[in-house]
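# Close look at the chain arrangement
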Amino acid sequence: MTEEMKYKDPSLPLEARVEDLVSRMTLEEKMSQMIYDAAAVERLNIKKYNWWNECLHGVARAGTATVFPQAIGMAASFNEELLHDVADTIADEARAKYNQAQKKSDYGIYKGLTFWTPNINIFRDPRWGRGQETYGEDPYLTGRLGVAFIKGLQGDHPKYLKAAACAKHFAVHSGPESERHHFDAVVDKKDLRETYLPAFRDAVKEGKVEAVMGAYNRVNGEPACASEELMENILRDEWKFDGHYVSDCGAIEDIYLRHKVQDSPEEAAAMAVNKGCDLNCGRVYESMKIAVEKGLLTEETIDKSVKRLMKTRFKLGMFDPEEEVPFNEIPFEANDSKENRELARETARQSIVMLKNQNDILPLNKEELDSVAVIGPNADSQPVLIGNYSGKASKYVTLVDGIHNALDDQTRVFYAEGCDLRTTEPSYWGNQPDAGFAEAVSIAEKSDVVIICLGISPELEGEEGAVANSDGGGDKIDIALPGMQEELLAAVAETGKPIIAVITNGSPVELNSVDQRAEAVLEAWYPGEEGGNAVADILFGDYNPSAKLPVTFVRSMDQLPDFRDYSMQNRTYRFMESDPLYPFGFGLSYTDFEYSELKLSADSFAADEEAEIKLSAKIKNTGKVKGTEVVQLYLKDLESSVSVPKYELRGIERVELTPNEAKTVEFKLKPRDFALINEDGKAVLEAGEFEVYLGGSQPDSYSQQLTGKETLKSQITVKGKNVEFEY
């Protein structure tokens, strides 16, 4: 191998190859690699490359691909293995599309292998339009699912990444959307470490995520894409992150135009690069040359960033012979396959939460139904299947489609939209917003049961600038069902026919009247291309619901603090001071599960010993059908020196059981799991008493009232002196 070709030698160590390549580049060539649509450097055989790709719940914005349920729906499965499999499948489709694009010399946007996914921000307020992109409100659950998704996407090859994942948006980012470009998220050290950072820590330290994306907002005064505290002190120094850091799109421009922390593009570029932001989604880094000339930025610092970026491209196999990279063999036909469509349907089934089932009205018996009325603005809507950041499915199954598919010709399926999603005023020509009520009531009267499909839509919630019909710049200004949906439900309820409500949404909405008027309620989220079939599978008993809520459904806006307040006080199940309508971790089944025989390997340990507490309990299916239970382990500190969450999720396990079958489930807790976060942001294990709970829900009395089941509990004593742990 000649000296000139050293970086092309796959047998050499990665670092040596990167070092060699970057050493051959001019300053201008290096800078050209730090903008998201990186230029080709033909003399070094560096192809043009666009870093911007999305795959939140399927390869997005790149043509046809399998559309899985929205992220918040996948989170409701509480299933790490499922998210790993979904991400692995997405990576296959990504490679299939990338391989074909390369053959056609298509190097455009959304055609690469670096995916700006997953979004592991904490969904702290239901008004946030992008909450649908997250895994919910709990740091532990978000961390577990985020790690699973990252590992599935990146693969387990010893040398090559199948695709590169990116944990976003670092950090303390969850609205308001309309203020994100100039907003300062003020958060104390305790909330930062207790709530906003754990999932990112897990993504970096356990998931080995290849990239991290900075948020638009400032955090305690520092722009998140140029933050010494977040980027240098925590991410690189403390967590030893060695991947690349990318700005959110336009965030570097915000530094001088909106945050006004710097005065010019070159100063903003220098500030971000000096703090370790390697890649600019935007154009401000074109000003780096001026920054170098002014002495604001050195070529040595630029080298660090370019090396990190090139390392990712090497790990994706972009500088190796095609036959050396196994993922180059994935054919175009792997995309949008029958098997992947089946996985989308199974994922949707596992995401649907049954919130109410009065007198066991569900599942519906197909043999006993002569007619069904399917009503509502979301019954035949494609947008409510897909959510935001999605690809194009080759086939969409709406809710009414799925119900048609599930029933034979002997059962009449009536359909009426009833009303649209938003309208509350007469049209210019006098068409009334309740003009469809008469038709809806008429078909309800002629049917055995009503399936009413309500909720919201990605047309009403999402990212700023992408949701033209949002009242709050992407966010919701309130959580009520929009339009005339409440009135439609009331009119249909007057018929006296039993009502099954199917809710499609990416965030909690106010469901008090739905809960009062419907005999059964299914939370379907944005369920993906196979959503209609999955909902029908649940409705007619072909699948037993097992999902749990990954986010709290409050009763009303009165239970919410100020949207702009990033304190966790009175937010999420961990800190709420009143009972919600539907709690985090809640979800019903068509069968019953009985918990017994909670056992602990020890009822005490010393704070400074390397202990491992093993917990086990027996779970039995006491019902008549096969079902899966999501077992939840919660921990409560009874004697803390500072305020702590009411209790915290510390373990999840899915258990499938046939009727009368029993299994023993086991968990392990380590001393670090008992540590609190003090006012200085330190993880400290204090001596004292702890309670541990095991069950199918939170241990609070309201959750137990809703489920009709008590959680098992026991006490553990921590002895000795307080011990500080690595965060």
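Residue indices follow the written sequence of each chain, beginning from 1 at its first position. The predicted nature of this model means local features are confined to residues of pLDDT at least 70 and side-chain atom pairs, given and counted, to a pLDDT of 80 or more, with totals for whole chains, interfaces and linings taken over all residues. Based on all heavy atoms of the structure, the side-chain values leave hydrogens and waters out of the count.

The name recorded for the chain in an unreviewed UniProt entry is Beta-glucosidase, from Halanaerobium saccharolyticum. UniProt positions are given in the numbering used here, feature names are shortened, and annotations may be inferred rather than shown by experiment. Among the UniProt annotations of the chain, the heading Sequence similarities (unreviewed entry) holds the following wording: "Belongs to the glycosyl hydrolase 3 family."

Before going further, it helps to spend a moment on the packing of aromatic side chains. A ring pair, where both rings are aromatic, is described by two values, the distance of the centres and the angle of the planes. Pairing of aromatic side chains requires ring centres within 6.5 Å, counting the rings of Phe and Tyr and the six-membered ring of Trp. Pairs whose planes differ by under 30 degrees are stacked, by over 60 edge-to-face, and all others tilted. Enumeration over the complete set of coordinates arrives at 23 aromatic pairs. Aromatic pair tryptophan 525 and phenylalanine 553: ring centres 6.1 Å apart, planes at 70°, arrangement edge-to-face. Taken together, the positions of tryptophan 525 in the loop between strand 14 (520–523) and helix 19 (531–539) and phenylalanine 553 in the loop between helix 19 and helix 20 (572–575) put the pair 28 residues apart, joining distant regions of the chain. Burial classification: accessible surface area is computed with a 1.4 Å probe over protein chains only, and a residue below 20% of its type maximum counts as buried, one above 50% as exposed, and the rest as partly exposed. Taking the relative accessible area as the measure of exposure, tryptophan 525 reaches 0% and is therefore buried. Residue phenylalanine 553 is classed as buried on the basis of its relative accessible area, which comes to 0%. Each residue in the set Phe78, Tyr573, Phe584, Tyr634, Tyr647 and Tyr693 is aromatic and connected to the rest through ring pairs, giving one cluster. For the purposes of this entry, the term helix denotes a DSSP run of H or I that reaches at least four residues, the term strand denotes a run of E that reaches at least two, and both are numbered from the N terminus.

Moving on, we come to the layout of surface pockets. Points on a 1 Å grid, built from protein atoms alone, make a cavity when a 1.4 Å probe fits but cannot get out and make a pocket when they are open with protein on both sides within 12 Å along at least 5 of 7 lines; residues with an atom within 4 Å of a point are the lining residues. Grid points are joined across faces, edges and corners, and a volume is the space filled by probe spheres set on the points. Estimated volume of the largest pocket: approximately 1200 Å³. Sorting the residues of the lining of the largest pocket by element identifies helix 5 (139–154), helix 6 (189–196), helix 7 (198–205), strand 18 (627–637), strand 19 (648–657), strand 20 (662–669) and strand 21 (676–677) as the ones contributing at least two each. For the lining of the largest pocket, the element with the highest residue contribution is strand 19, accounting for 6 residues. Computed from the structure, the second largest pocket encloses a volume of approximately 720 Å³. Within the residue set of the lining of the second largest pocket, elements represented by two or more residues are strand 9 (353–357), strand 15 (593–600), strand 18 and helix 21 (701–707). Each residue is assigned to one class: nonpolar for Ala, Val, Leu, Ile, Met, Phe, Trp, Tyr, Cys and Pro, charged for Asp, Glu, Lys and Arg, and polar for all the others, Gly among them. When grouped by side-chain class, the residues that make up the lining of the second largest pocket number 14 nonpolar, 14 polar and 12 charged. Three or more residues apiece are contributed to the lining of the second largest pocket by two domains, here domain 2 (342–559) and domain 3 (593–724). Boundary definitions for the domains trace back to an automatic or database domain assignment.

Close approach of charged atoms allows side chains of opposite charge to pair. In what follows, salt bridge is the name for a side-chain nitrogen of Lys or Arg lying within 4 Å of a carboxyl oxygen of Asp or Glu. Counting across every chain of the model gives 50 salt bridges. For arginine 17, the salt bridge identified is with aspartate 320, shortest N-O distance 2.5 Å. One end of the pair, arginine 17, is in helix 1 (residues 14–23); the other, aspartate 320, is in the loop between helix 12 (299–315) and helix 13 (338–351), with 303 residues separating them in the sequence. Residues arginine 17 and aspartate 320 agree in their burial class; the two are buried. Note that arginine 130 is salt-bridged to glutamate 463, the shortest N-O span being 3.1 Å. A residue pair is termed long-range when its members are at least 10 positions apart, and arginine 130 in the loop between helix 4 (80–103) and helix 5 and glutamate 463 in the loop between strand 12 (449–455) and helix 17 (485–493) qualify at 333 residues. The exposure class of arginine 130 is buried, given its relative accessible area of 0%.

Here the focus is the state of the cysteines. For this text, the term disulfide refers to a pair of cysteine sulfurs within 2.5 Å. Overall, the coordinates contain 1 disulfide when judged by the stated rule. With a sulfur-sulfur separation of 2.1 Å, cysteine 249 is cross-linked through a disulfide to cysteine 281. Around the S-S axis, the bridge from cysteine 249 to cysteine 281 shows a dihedral of about 85° and counts as right-handed. Of this pair, cysteine 249 sits in the loop between strand 8 (244–247) and helix 9 (251–257) while cysteine 281 sits in the loop between helix 10 (265–275) and helix 11 (288–293); the two residues are 32 residues apart in sequence, bridging distant segments of the chain.

The element strand 19 is largely enclosed, with a buried count of 8 among its 10 residues. A pair of strands counts as paired when DSSP detects no fewer than two bridges linking them. Two elements, strand 18 and strand 19, share 9 bridges in a ladder whose sense is antiparallel. If you follow leucine 633 over to strand 19, its bridge partner there is glycine 651.

On to the sheet that holds strand 3 (residues 166–170), then. Read across the open sheet, the 3 strands follow the order 3-5-8; overall the sheet is parallel. Here the strands that pair on one side only, and so sit at the sheet edges, are strand 3 and strand 8. With strand direction ignored, the average angle separating the axes of adjacent strands in the sheet is 25°. Two strands pair when backbone bridges link them, and strand 5 (residues 211–214) and strand 8 are joined in this way by 4 bridges, in the parallel orientation. What sits directly across from methionine 213, in strand 8, is valine 246. Contacts from helix 7 reach strand 3 and strand 5, with the element oriented near 155° to strand 3. Angular values range over 0 to 180 degrees, each being the angle between N-to-C directions of two axes fitted as lines to C-alpha atoms, with helices fitted over their stretch in contact. By definition, residues are in contact when any of their heavy atoms lie within 4.5 Å.

Before going further, it helps to examine the side chain of arginine 144. As for its placement among the helices and strands, arginine 144 is situated in helix 5. What makes arginine 144 buried here is its relative accessible area of 16%. Excluding anything up to four places from it in sequence, arginine 144 contacts Glu80 and Glu206.

The next thing to look at is the domain arrangement of the chain. Each domain of the chain was delimited in the assignment, giving domain 1 (28–334), domain 2 (342–559) and domain 3 (593–724). Across the boundary between the two partners, domain 1 contributes 12 residues, which contact 16 residues of domain 3. When the buried area of domain 1 at its contact with domain 3 is split by residue, Phe78, Tyr140 and Lys190 rank highest and sum to 49% of it. Here domain 1 is connected to domain 3 by 0 salt bridges. Here's the idea: put two parts together, see how much 1.4 Å probe accessible area each one loses, and the total over both is what we call buried area.

In this text, buried Ala, Val, Leu, Ile, Met, Phe, Trp, Tyr and Cys residues form a nonpolar core when linked through side-chain atoms within 4.5 Å. Within the largest apolar cluster, 154 residues are counted, with the highest numbers of intra-cluster contacts made by Trp116, Leu153, Phe170, Tyr285 and Met310. Broken down by element, the residue count for this core peaks at 8 residues, all from helix 4. When sequence neighbours within four positions are dropped, the list of residues in contact with tryptophan 116 reads Tyr36, Trp51, Trp52, Asn53, Glu54, Cys166, Lys168, Met213, Val246, Cys249, Leu279 and Cys281. Counting residues in hydrophobic clusters, the runner-up holds 76 residues, among them Ala76, Ile352, Val384 and Leu581.

This brings us to the packing of helix 4 against helix 13. Packing of helix 4 against helix 13 brings their axes to within 11 Å, and their N-to-C directions diverge by 150°. Viewed along their axes, helix 4 and helix 13 adopt a mutual orientation that is roughly antiparallel. Remark: the crossing between helix 4 and helix 13 carries left-handed chirality. Residues Leu82, Asp85, Val86, Thr89 and Glu93 of helix 4 lie in contact with helix 13, whose contacting residues are Asn340, Leu343, Thr347 and Gln350. Throughout, the term roughly parallel applies to angles under 35 degrees, roughly antiparallel to angles over 145, roughly perpendicular to angles from 65 to 115, and oblique to all others. For any pair of crossing helices, the crossing counts as left-handed if the nearer helix is rotated counterclockwise from the farther one by less than a right angle, and right-handed if it is rotated clockwise.

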